[in-house]
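Structural features, examined
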Amino acid sequence: MDSKYIPARQALVSARASVFSIDFSQADFHSLEAGLGKVADDTGGFYAKTFHFPDIAIERLTKTLAGHYELSVRKNDTRVRGFHTIEVQVNRRGAEVMARSTYIDRE
């Protein structure tokens, strides 16, 4: 990712936007794939290829958009301001939680 990615990522995180990258290219692999996956992972979305199994990718997106949940982030009582990393884990078999990987203080 080039230097323009950092402010773009911060804008997406601040907007609470999740990116879902649905790759319709007719190839098993291409050079933009890593970047598409990274922005999706960083914002709490996902990357899916449609080359071999397009119905699976579209069904996953449809099911993901049909449900929702809200995560509350409670920052430790520190004076550290700015950019923080987040890890989300669930103790429920079969559950998949998609969440962004960072938090930026709004104040």
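First, a word on what this report is: a plain description of the structure on this page. (Residues numbered from 1 in each chain as written. Predicted model: local features only at pLDDT ≥ 70, side-chain atom pairs only at ≥ 80, totals over all residues. Heavy atoms only, no water.)

Notes on the packing of helix 1 (residues 5–14) against helix 2 (residues 33–43)
- With their axes 10 Å apart at the nearest point, helix 1 and helix 2 run at an angle of 40° to one another. Our pair here, helix 1 against helix 2, has a crossing hand that is right-handed. Residues Y5, R9 and L12 of helix 1 form the contact with helix 2, whose participating residues are K38, V39, D42 and T43.
- Broken down by class, the residue content of the contact of helix 1 with helix 2 amounts to three nonpolar, one polar and three charged. (Axes fitted to C-alpha atoms, helices over the stretch in contact; angles between N-to-C directions. Helix = DSSP H or I, 4+ residues; strand = E, 2+ residues; numbered from the N terminus. Left-handed = near helix turned anticlockwise from the far one by under 90°. Contact = heavy atoms within 4.5 Å. Nonpolar A, V, L, I, M, F, W, Y, C, P; charged D, E, K, R; others polar.)

A look at helix 3 (residues 54–66)
- Between its first and last C-alpha atoms helix 3 spans 18 Å; for 13 residues at 1.5 Å apiece the expected length is 18 Å, and the two agree.
- Within the span of helix 3, buried status applies to A57, L61 and T64. All buried residues of helix 3 fall inside an arc of 65° around its axis, so they share one side. Within helix 3, the exposed residues directed more than 90 degrees away from the buried face are D55, I56, K63 and A66.
- Tucked into the core, helix 3 has its buried residues touching strand 1 (21–23) and strand 2 (47–49). (Expected span 1.5 Å × (residues − 1). Buried < 20%, exposed > 50% of the residue type's maximum accessible area, 1.4 Å probe, protein only. Arc of directions from axis to C-beta.)

So, helix 2
- Within the span of helix 2, buried status applies to E33, G37, V39, A40, D42 and T43.
- In this structure, the buried side of helix 2 is in contact with helix 1, strand 1 and strand 2.

So, the packing of aromatic side chains
- According to the stated counting rule, one finds one aromatic pair in the structure shown.
- Centre to centre, the rings of F20 and F46 are 5.2 Å apart; their planes meet at 70°, and the pair counts as edge-to-face. Placement of F20 in the loop between helix 1 and strand 1 and of F46 in the loop between helix 2 and strand 2 is noted, with a sequence separation of 26 residues between them.
- By relative accessible area, which is 26% here, F20 ends up partly exposed.
- Sitting above the plane of the F46 ring, R60 keeps its charged end 3.8 Å from the centroid. (Phe/Tyr/Trp six-rings, centres within 6.5 Å; stacked < 30°, edge-to-face > 60°. Lys NZ or Arg CZ within 6 Å of the ring centre and 35° of its normal.)

So, the side chain of D42
- One can find D42 in helix 2.
- One polar contact links D42 to Y5, side chain to side chain, over a distance of 2.5 Å.
- For D42, the contacting residues outside a window of four places in its chain are Y5, R9, R100 and S101. (Polar contact = N/O pair within 3.5 Å; in protein donor to acceptor, adjacent residues only side chain to side chain.)

Comments concerning the environment of R79
- Along the chain, R79 falls in the loop between helix 3 and strand 3 (83–85).
- Expressed as a C-alpha distance, the spacing of R79 and A17, which sit 62 residues apart in the sequence, is 26 Å.

Quick notes on a nonpolar patch on the surface
- Taken together, the side chains of Y69, L71, V88, V90 and V97 make up a nonpolar region of the molecular surface, amounting to roughly 380 Å² of accessible area.
- Its location among the elements puts Y69 in the loop between helix 3 and strand 3.
- Judged by relative accessible area, which is 43%, Y69 ranks as partly exposed. (Patch = residues over 30% accessible without salt bridge, like charges linked within 9 Å, V, L, I, M, F, W, Y side chains within 5 Å. Areas by Shrake-Rupley, 256 points an atom, 1.4 Å probe, with all protein chains shown as cover. Salt bridge = Lys/Arg side-chain N within 4 Å of Asp/Glu carboxyl O.)

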